[in-house]
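# Results of the structural survey
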Amino acid sequence: MERKTLTELIYRNLRYIRRVEEKVAEIYPSDKIKSPIHLSIGQESVTVGVCTALHVDDVVAGTYRSHASYLAKGGDLGRFFAELYGKQTGCSAGKGGSMHLVETNKGILGTSAIVGTSIPVAVGYSLALKRERKQRISAVFFGDGATEEGVFYESLNFAALHKLPVIFVCENNGLAIHTPLSKRWASEDLCARVKGFGIQTAFVDDGDVFRIREITNQTAQKIRSGEIGPFFIECKTYRWREHVGPNDDHDEAYRSRQEFERWVKIDQVERVGKMLDAESRNAIDGDIERQIALAVEFAEKSPFPGPEELGTHVFA
Ligand SMILES: Cc1ncc(C[n+]2csc(CCOP(=O)(O)OP(=O)(O)O)c2C)c(N)n1
């Protein structure tokens, strides 16, 4: 792809996700949004880097902090806002909220509130993809906290053993709620642990969206050609807002404002935006604001699920 077009694509995605989540935070105090929200403002470059390197028919899975992967993989914005509002037109029919986003026709397998649970789902799906022999790939996003779940290691082993087409993407923001990695592990070297399963790894320490995209691109080619099976990418990143909710919490004791400011200096939305001329940037920004306004209006005007919906989508 031509350099300018790629920069515009990346900027559009980064800015889109940032502005959507800022809008969610702005609306939240009105109580129109009915579910808890876990914002990924500051972390956008990971999903954008990965998803812009995937094909449309590849699939992704995520966590409760996965607005970004839903949006980066092309999930519908009106159905996203409607889901947060608990409306019938939401991507999970208004029954899942912010933590349970699904859009299978866009390859979004689903996101889950229970730490680590979408990892085996993405691995299982990658087994189906391997058998289908169409060179499709599954990518799964999760936090550093999820690497403390037993199922993460079971999934790594199963994927390595069966040489499955899956990319594990750890969005390492260094925190599990309020507990830093240094208080949870004697060694913070996640890649070293994963290599023990016979899986190749990559580490990006500064959120560089182009590098994350390039690594994903090269990895995806190797997976599609059958040269390798699973791959693990660890991306250091930083959550700018509180663990759950719309506010910031930089003056609370568990982390420092200086650390936040270091990440703001290398913010990828600003960095990539500055690579564009003012005219292109303004055009993209304007487009995004219009898209968001339409999506919010769609959510506001949509009906809530009726009483007859109480027993539908229920497993047992
Ligand atoms: C199985 C399970 N255990 C505990 C929790 C409570 N919990 C919710 S978020 C969270 C921290 C997870 O941190 P991480 O995976 O790093 O993701 P981040 O919130 O940083 O994106 C925990 C322990 C949960 N939801 N599920």
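It should be emphasised that the depicted structure is a prediction, and the values quoted were computed from it without experimental measurement. (Residues numbered from 1 in each chain as written. Predicted model: local features only at pLDDT ≥ 70, side-chain atom pairs only at ≥ 80, totals over all residues. Heavy atoms only, no water.)

## Considering the packing of aromatic side chains
Note the following rule: Only Phe, Tyr and Trp rings are paired, with Trp represented by its six-membered ring, and only when their centres lie within 6.5 Å; those with planes under 30 degrees apart are stacked, over 60 edge-to-face, the remainder tilted. Numbering of helices and strands runs from the N terminus, with a helix taken as a DSSP run of H or I at least four residues long and a strand as a DSSP run of E at least two residues long. Categorising residues by exposure relies on relative accessible area from a 1.4 Å probe, with only protein chains included: less than 20% of the type maximum marks a residue as buried, more than 50% marks it as exposed, and the intermediate range marks it as partly exposed. Criterion for a charge above a ring: Lys NZ or Arg CZ within 6 Å of the ring centre, and within 35 degrees of the ring normal.
Considering all chains together, one arrives at 10 aromatic pairs under this definition. Taking 5.5 Å as the distance between ring centres and 85° as the angle between the ring planes, the aromatic pair formed by tryptophan 240 and phenylalanine 260 counts as edge-to-face. Residue tryptophan 240 is found in the loop between β8 (231-236) and α9 (257-265), and its partner phenylalanine 260 is found in helix α9; the two are separated by 20 residues along the sequence. Both residues of the pair, tryptophan 240 and phenylalanine 260, belong to the buried class. Through a chain of ring-to-ring contacts, the aromatic side chains of Phe142, Phe152, Tyr153, Phe168, Phe197 and Phe232 assemble into a single cluster. Stacked on the ring of tryptophan 240, the Lys or Arg arginine 18 has its end atom at 4.5 Å from the ring centre. The ring centre of phenylalanine 304 lies 4.9 Å from the NZ or CZ of lysine 87, which sits over that ring.

## Things to note about the sheet that holds strand β3 (residues 138-143)
Each strand in a sheet pairs with its neighbour through backbone hydrogen bonds, running either in the same direction (parallel) or in the opposite one (antiparallel). What counts here: Only when DSSP finds a minimum of two bridges between them are two strands counted as paired. To get an axis, a line is fitted to the C-alpha atoms, and for a helix only the part in contact is used. The angle between two axes follows their N-to-C directions and goes from 0 to 180 degrees.
An order of β2-β1-β3-β4-β8-β7 is seen for the 6 strands of this open sheet, with the pairing classed as parallel. Edge positions in the sheet fall to β2 (108-112) and β7 (200-204), since each of these pairs with one other strand and no more. Geometrically, the sheet is characterised by an average inter-axis angle of 15° between neighbouring strands, direction not taken into account. Both strand β1 (residues 59-63) and β2 contribute to a ladder of 4 bridges, which runs parallel. Residue pairing for β2: threonine 63 is matched across the bridge by serine 112.

## A closer look at the environment of alanine 25
In this structure, alanine 25 sits in helix α1 (residues 3-27). As a C-alpha pair, alanine 25 and arginine 12 span 13 residues in sequence and 20 Å in three-dimensional space.

## Quick look at the pairing of β7
What counts here: The handedness of a crossover follows from its direction of travel: if, with the strands pointing away from the viewer, the path from the first strand over the helix to the second runs clockwise, the crossover is right-handed.
Across 5 bridges, the pairing between β7 and β8 is parallel. Paired with phenylalanine 203 across the strands is glutamate 234, a residue of β8. Running through helix α8 (residues 209-224), the crossover from β7 to the neighbouring parallel element β8 is right-handed.

## Description of the pairing of β3
Here β3 lies mainly inside the structure; 5 of its 6 residues are buried. In the sheet, β1 pairs with β3 via 3 bridges, with the strands oriented parallel. Its bridge partner lying in β3, valine 60 is registered against alanine 139. Bridging between β3 and strand β4 (residues 166-172) involves 6 bridges; their strand directions are parallel. Bridge assignment links alanine 139 to a residue of β4, and that residue is isoleucine 167. Viewed along the sheet, the connection from β3 through helix α6 (residues 150-161) into β4 turns out right-handed.

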